[in-house]
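Observations on the three-dimensional arrangement
One letter stands for each residue in the lines below.
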Amino acid sequence: MGDAGAVTTNDSELAAAIKALRNYGSHKKYYNVYEGFNMRLDENQAAWLRIRLRGLDKENKRRRELADVYRASIRQEEVTLPFEAAYATHVYHIFALLHPRRDDLQQYLLEKGVQTMIHYPVPPHHQAAFGQWSDLSFPISEKIHQQELSLPISPVHSNEEIAYVASVINEFK
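Residues numbered from 1 in each chain as written. Predicted model: local features only at pLDDT ≥ 70, side-chain atom pairs only at ≥ 80, totals over all residues. Heavy atoms only, no water.

1. Re unusual backbone geometry
Although it is not a glycine, Y92 adopts a positive phi angle of roughly 50°. Within the secondary structure, Y92 is located in the loop between α3 (56-73) and β3 (95-98). Unlike most non-glycine residues, Y120 shows phi in positive territory, near 60°. By the element assignment, Y120 lies in the loop between α4 (102-111) and α5 (139-147). (Helix = DSSP H or I, 4+ residues; strand = E, 2+ residues; numbered from the N terminus.)

2. Quick look at the pattern of salt bridges
Under the criterion given, the structure shown has five salt bridges. For R62, the salt bridge goes to E65, with nearest N and O atoms at 3.2 Å. Highlighted residues: R62 and E65, both in helix α3, separated by three residues, approximately one helical turn. Where D103 meets R102, a salt bridge forms, and the shortest distance between an N and an O atom there is 2.8 Å. Where salt bridges share partners, they join K61, R62 and E65 into one cluster. (Salt bridge = Lys/Arg side-chain N within 4 Å of Asp/Glu carboxyl O.)

Given below as C-alpha cells:
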C-alpha cells in the first residue's frame, strides 16, 4: 500500500508544527518556518489508514496488556525493562529491553523459537547522514544501541505466548 502515517495529539501548537512539517515546513505557502517535507497520501493510502485508525485504541490497549505480562513475568537480573513515566501512557509499538549480553540473549531466544529484533542498532551520531557528529561521544545513546533488544509484541499475541518469551528470558544464563 505504500507509506502512510498519522499523528494524534491534543496539543494545538504541536499539531500546527506537524502540519507545517508535512507541507515543506510552511504554515503559509512559500514561507517556510521549518525544514519540512512534501508528504502526501494518495486516496488508497488514506482510505486504508482511516480503516486502521478505527481499531487503534483497542490495539494499543492490548499491547499495554501484553507489556504488563512481560513486566510481571521477566525476572532475569540483567534485564532492564522499558520505563513508563507516571504522566505518560506507552503504546508499546515495540517492547524494547536492555541487556548487557544482548547478542547472546538474542541467539538464545532464537534457539528457543523466539524471534526478536534490534531496533536502531547504530546511534544517530554514527550514521553517515550525521557524519559531522561522528567524532562525538554520547555514552547513554551508545549503551542503548549496544544493549537494546525488541521482543515480540503484537495485538495478535496471546498472554501465554508472551509469558513463554518471559520464561525463556528468565532461564537465560
